[in-house]
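Residues per chain, in single letters:
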Amino acid sequence: MRLPTARFADVVVVVFLVAQACDGVFTYIGVSLYGVGMEGNPLLAWLMTSIGQGPALAAAKVMAGAFGIALHLTAVHRVLAALSAFYVAVAV
C-alpha cells in the first residue's frame, strides 16, 4: 500500500506536467494567432524569433518538465505543488 504522501507526490508531478503541456499548447495558439509579441517572457520570445515558435516552446516545456521531475525525484513536493498551483491559476 502506498503512503498518502507518495500519492500526493505523484498527483503533484502529474498536475505539474499537464499544466506545462497545456501552457505550451495555449502559448503556441496565442503566438500563432497574435504573434510573438504576446509572449510575456522576453527570453522565450527571443528564442521563438531565433529558432521558431514550435521548437522554442517544445524546448522550454521539456526543460520545465525535466526540472519538475527533478524536484519530484528529490522529494521537494511542496515547491512543486506551489509551482503547479501557480501554473494552473496564472499560466493556464
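Novice: I'd like to hear about helix α2 (residues 42-51), residue by residue, with values.
Specialist: Residues L44, A45 and M48 constitute the buried set of α2. Buried residues along α2 cover an arc of 105 degrees about the axis, so they all sit on one side. Seen from the buried face of α2, the exposed residues on the opposite side, beyond 90 degrees, are P42, L43 and W46. Backbone nitrogen of L43 and a side-chain oxygen of the N-cap are separated by 3.0 Å at the start of α2; the cap is N41. Following α2 by one or two positions, G52 adopts a phi angle in the positive range, close to 110 degrees.

Novice: Report on a nonpolar patch on the surface, specifying residues and quantitative values.
Specialist: Together, V25, F26, I29, L33, Y34 and M38 give the surface a local cluster of nonpolar side chains, amounting to about 660 Å² of exposed area. Looking at the element boundaries, L33 is found in helix α1 (residues 4-34). On the basis of relative accessible area, L33 is assigned to the exposed category, the value being 62%.

Novice: Residue-level account of helix α3 (residues 53-73), with values.
Specialist: Taking 1.5 Å per residue, 21 residues should reach 30 Å; α3 reaches 30 Å between its end C-alpha atoms and fits that length. Just beyond α3, the residue with positive phi is A75, at close to 60 degrees.

Cut-off values and rules
- Residues numbered from 1 in each chain as written.
- Predicted model: local features only at pLDDT ≥ 70, side-chain atom pairs only at ≥ 80, totals over all residues.
- Heavy atoms only, no water.
- Buried < 20%, exposed > 50% of the residue type's maximum accessible area, 1.4 Å probe, protein only.
- Helix = DSSP H or I, 4+ residues; strand = E, 2+ residues; numbered from the N terminus.
- Arc of directions from axis to C-beta.
- Polar contact = N/O pair within 3.5 Å; in protein donor to acceptor, adjacent residues only side chain to side chain.
- Patch = residues over 30% accessible without salt bridge, like charges linked within 9 Å, V, L, I, M, F, W, Y side chains within 5 Å.
- Areas by Shrake-Rupley, 256 points an atom, 1.4 Å probe, with all protein chains shown as cover.
- Salt bridge = Lys/Arg side-chain N within 4 Å of Asp/Glu carboxyl O.
- Expected span 1.5 Å × (residues − 1).

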